[in-house]
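Listed below are the residues making up each chain.
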Amino acid sequence: MAKSDRDDGALDFRGREEKLTGNGSTRSFGSDALTLGSDYGTDTSEEKEVDKYGFTGGAQEHPGIHAEEIPMEVLRHRESKWLEMLNSWDKWMAKKHKKVKDRCQKGIPPSLRGRAWLYLTGGKVKEEQNRGKFQELDNQPGDPKWVDVIEKDLHRQFPFHEMFSAKGGHGQQDLFRVLKAYTLHRPEEGYCQAQAPVAAVLLMHMPAEDAFWVLVQICEKYLPGYYSSGLEAIQLDGEILDALLRRVSPIAHRHLKQHKLEPILYMTEWFMCAFSRTLPWASVLRVWDMFLCEGVKILFRVGLVLLKCLLGSREKVKACSGLYETMEHLRAIPPQYMHESFLVQETIELSVSEKDIEKEHLAQLRRWKETHGDLYHKSPPRMHGAKAVMAAEPPGRQYLRQRPTIIVEPPEGDDARDTRKPKRENRKKSVLPPRETDNAPPFLLEPSPLLQPMSVHASKESVSSTEHDTYLYHGWMTSTMLDCGRACWSMSTGSRRMEEAATVFGLDSTVLRYRNDSSIDIEMIGSRWNLSCPDLTRG
């Protein structure tokens, strides 16, 4: 296979078709067996500026593209709506699914995105139905064949994100745990390298156990067969995309056919990585919000929008005189077509439905059987979004109940103790013994450095929540956890404005929220993340 001269993290499309059409166990497509990120060295000798998504040096930004800024009042209002939905998820999905879809199209609030994805995909139900399963898989050594490949791929996943920049850091450790667990969960399927960026995106927003179950749902319900040997499902979807393009943009379709540019050469990375390696990060998150709500049709729509924008007029195709020029044009997408507001609006307005996709899917299956015979790997039926997933396996309400792992009483002398409702006095107390302290821990009064890489078991505790939570979880905030602890400390000693504390410490959103007159307990922060600092304690 030809190796690309480029070393910018892009996939090498040349020579990929031979690998994709094989029925062997190897799923290597592109240079360095799907080098989804170049072998970047990571310089940790000096602190670099981190954007609100956790990327250093704006590595996931594109020139001329800036994420939309949502007014704080609007964001708070959206958070309250999402909290209401999550607390009655089954009712909203059954009776008000259109409203859920509309709110996903507007964008899920960052502080609740991880929890929303968990509920949308049905990962929450799977996790509750299989309590202890992830820990069981996590404790097993794993198949050496897959373990070796996974370890080699860890450093390639978003090397400029603070979770994954440090070799052996907590992000890479959790990524290894999730991918290894999946190979044990589905040994007949094993590991495909395109799963790694998908799992990494999930880990930026939720703990390892939650990420594992969402990955399971994506692989089994949303994109079945995508990561199986032979990659037949992605080839079929490439042909479906080509057929839909004929209707959406005849000029683009004709140009690609003229230069014999097969869909598999340009759409593999788009679909298998759910555009996480293609779009600026603000657009990635908006696409994922819609994808996990409405299903694979969102990936088809985004791909069709990009193709139409790039090759949808005679003037545009004139600039691409051959196959090589067309491929380069598809790789270097102009920023204006990837901006979240433009891309999301065009995606919503494009008329491609589940019925259109299923109709073409049946047609392509017939053609495949005529030319290739029966499928080597027969995938389960594809679920088109959250509503279909829930309808296929209606969950009991007990599986949607939000589980707190640690609940604490307010500190002595806090005025909130007198105002709380009597029924909350019997709530389960912290599983950790309180530590007595008279004054604030010294490390909370001094500027704190970034956390050092955590040990292997650092993130095994799930961050769960209840309607009385005292904070909201935001995926990438782990490396600023000490600052969060300092913010919590100030809250527990009198201040009731979490928003101000989050702003002071440069958080993307209110990752710490004061709710229902309950106080903040610093021990919660330390125990959830198993921080090595012993000074995290209650006030």
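These numbers come from a predicted model, not from an experiment.

### As for the side chain of lysine 297
- For lysine 297, the position within the fold is in helix α17 (residues 297-311).
- Beyond its immediate sequence surroundings of up to four residues, lysine 297 is in contact with Val352, Glu354 and Ile357.

### Re helix α16 (residues 281-294)
- In this model α16 runs 20 Å from its N-terminal to its C-terminal C-alpha over 14 residues, within 8% of the 20 Å that 1.5 Å per residue would give.
- Within α16, 14 of the 14 residues are buried, which leaves it mostly tucked inside the rest of the structure.
- Taken from the residues just after α16, glycine 295 is the one with a positive phi, measuring 95°.

### A word on the packing of helix α3 (residues 72-87) against helix α6 (residues 113-120)
- The N-to-C vectors of α3 and α6 enclose an angle of 35°; their axes lie 11 Å apart at closest approach. α3 and α6 meet at a crossing whose hand is left-handed. Residues Trp82, Leu83 and Leu86 of α3 form the contact with α6, whose participating residues are Arg115, Ala116 and Tyr119.
- Here the contact of α3 with α6 is composed, by residue class, of five nonpolar, no polar and one charged.

### A short note on the nonpolar core
- Of all hydrophobic cores here, the largest spans 119 residues; its most connected members are Trp117, Leu120, Phe271 and Trp288.
- Not counting residues within four places of it along the chain, the set of residues in contact with tryptophan 288 comprises Trp117, Val198, Val201, Leu202, Ile218, Cys273, Ala274 and Ser276.

### Points about the pattern of salt bridges
- Here the structure, examined in full by the defined rule, presents 21 salt bridges.
- A salt bridge links glutamate 340 to arginine 286; the shortest N-O distance between them is 3.0 Å. On the criterion of sequence distance, the pair formed by glutamate 340 in helix α21 (residues 340-349) and arginine 286 in helix α16 is long-range, its members being 54 residues apart. The same class applies to glutamate 340 as to arginine 286, namely buried.

### Regarding the packing of helix α13 (residues 232-248) against helix α14 (residues 250-258)
- At a closest axis distance of 6 Å, the pairing of α13 and α14 adopts a crossing angle of 130°. Classified by the angle between their axes, α13 and α14 sit oblique to one another. Contact residues: Asp242, Leu245, Arg246, Arg247 and Val248 in α13; Pro250, Ala252, His253, Leu256 and Lys257 in α14.
- Looking at the contact of α13 with α14 residue by residue, the class counts come to five nonpolar, one polar and four charged.

### Quick look at the packing of aromatic side chains
- The final tally for this structure, using the stated rule, is 14 aromatic pairs.
- Relative to tyrosine 119, the ring of tryptophan 89 lies with its centre 5.9 Å away and its plane at 80°, an arrangement referred to as edge-to-face. Within this pair, whereas tryptophan 89 is found in helix α4 (residues 89-95), its partner tyrosine 119 is found in helix α6, the two being separated by 30 residues in sequence.
- Chaining the aromatic ring pairs together yields one cluster made of Tyr266, Trp270, Phe271, Phe275 and Phe300.
- The positively charged end of lysine 96 is found above the aromatic ring belonging to tryptophan 92, 4.7 Å away from the centroid.
- Over the ring of phenylalanine 158 we find arginine 277, and its NZ or CZ is 4.8 Å from the ring centre.

### What to know about unusual backbone geometry
- The phi angle at phenylalanine 158 is positive, at roughly 45°, despite the residue not being glycine.
- Considering the arrangement of structural elements, one finds phenylalanine 158 in the loop between α9 (144-153) and α10 (170-185).
- The phi torsion at alanine 274 lies on the positive side, around 50°, for a residue other than glycine.
- Relative to the assigned elements, alanine 274 resides in the loop between α15 (264-272) and α16.
- In this structure alanine 274 comes out as buried when scored by relative accessible area, which is 3%.

### Section: a positive patch on the surface
- On the surface, Lys91, Lys95, Lys96, Lys99 and Lys106 cluster together to form a positively charged patch.
- The set of elements that each furnish at least two residues to the positive patch consists of α4 and α5 (97-106).
- Looking at the secondary structure, you find lysine 106 in helix α5.

### Some points on α3
- Taking 1.5 Å of rise per residue, the 16 residues of α3 would be expected to cover 22 Å, and the 23 Å separating its terminal C-alpha atoms lies within 8% of that figure.
- The complete set of buried residues in α3 reads Leu75, Arg76, Glu79, Trp82, Leu83, Met85 and Leu86.

### Some points on the side chain of arginine 76
- Considering the arrangement of structural elements, one finds arginine 76 in helix α3.
- When its relative accessible area of 12% is taken as the criterion, arginine 76 is described as buried.
- A polar contact of 2.8 Å, which involves the side chain of arginine 76, links it to the side chain of glutamate 79.

### Concerning the confidence of the model for the protein chain
- Chain-level statistics for the protein chain give a pLDDT mean of 74 and a share of 63% at 70 or above.
- pLDDT under 50 marks residues 1-45. Its contacts with residues more than four places away, or in other chains, come to 109 contacts.
- For residues 414-539, every residue scores under 50 in pLDDT, and the model assigns this stretch 256 contacts once sequence neighbours within four places are set aside.

### Structural notes on the environment of glutamate 294
- Mapped onto the secondary structure, glutamate 294 falls in helix α16.
- Separated by 91 residues in the primary sequence, glutamate 294 and glycine 385 have C-alpha atoms spaced 4.0 Å apart.
- At 3.2 Å, the side chain of glutamate 294 forms a polar contact with the side chain of glutamine 105.

Conventions and cut-offs
- Residues numbered from 1 in each chain as written.
- Predicted model: local features only at pLDDT ≥ 70, side-chain atom pairs only at ≥ 80, totals over all residues.
- Heavy atoms only, no water.
- Helix = DSSP H or I, 4+ residues; strand = E, 2+ residues; numbered from the N terminus.
- Contact = heavy atoms within 4.5 Å.
- Expected span 1.5 Å × (residues − 1).
- Buried < 20%, exposed > 50% of the residue type's maximum accessible area, 1.4 Å probe, protein only.
- Axes fitted to C-alpha atoms, helices over the stretch in contact; angles between N-to-C directions.
- Left-handed = near helix turned anticlockwise from the far one by under 90°.
- Nonpolar A, V, L, I, M, F, W, Y, C, P; charged D, E, K, R; others polar.
- Core = buried A, V, L, I, M, F, W, Y, C linked by side-chain atoms within 4.5 Å.
- Salt bridge = Lys/Arg side-chain N within 4 Å of Asp/Glu carboxyl O.
- Parallel < 35°, antiparallel > 145°, perpendicular 65-115°, else oblique.
- Phe/Tyr/Trp six-rings, centres within 6.5 Å; stacked < 30°, edge-to-face > 60°.
- Lys NZ or Arg CZ within 6 Å of the ring centre and 35° of its normal.
- Patch = residues over 30% accessible without salt bridge, like charges linked within 9 Å, V, L, I, M, F, W, Y side chains within 5 Å.
- Areas by Shrake-Rupley, 256 points an atom, 1.4 Å probe, with all protein chains shown as cover.
- Lys, Arg positive; Asp, Glu negative; His and termini not counted.
- Charge placed at Lys NZ, Arg CZ, Asp CG, Glu CD.
- Polar contact = N/O pair within 3.5 Å; in protein donor to acceptor, adjacent residues only side chain to side chain.
- pLDDT = per-residue confidence, 0-100.

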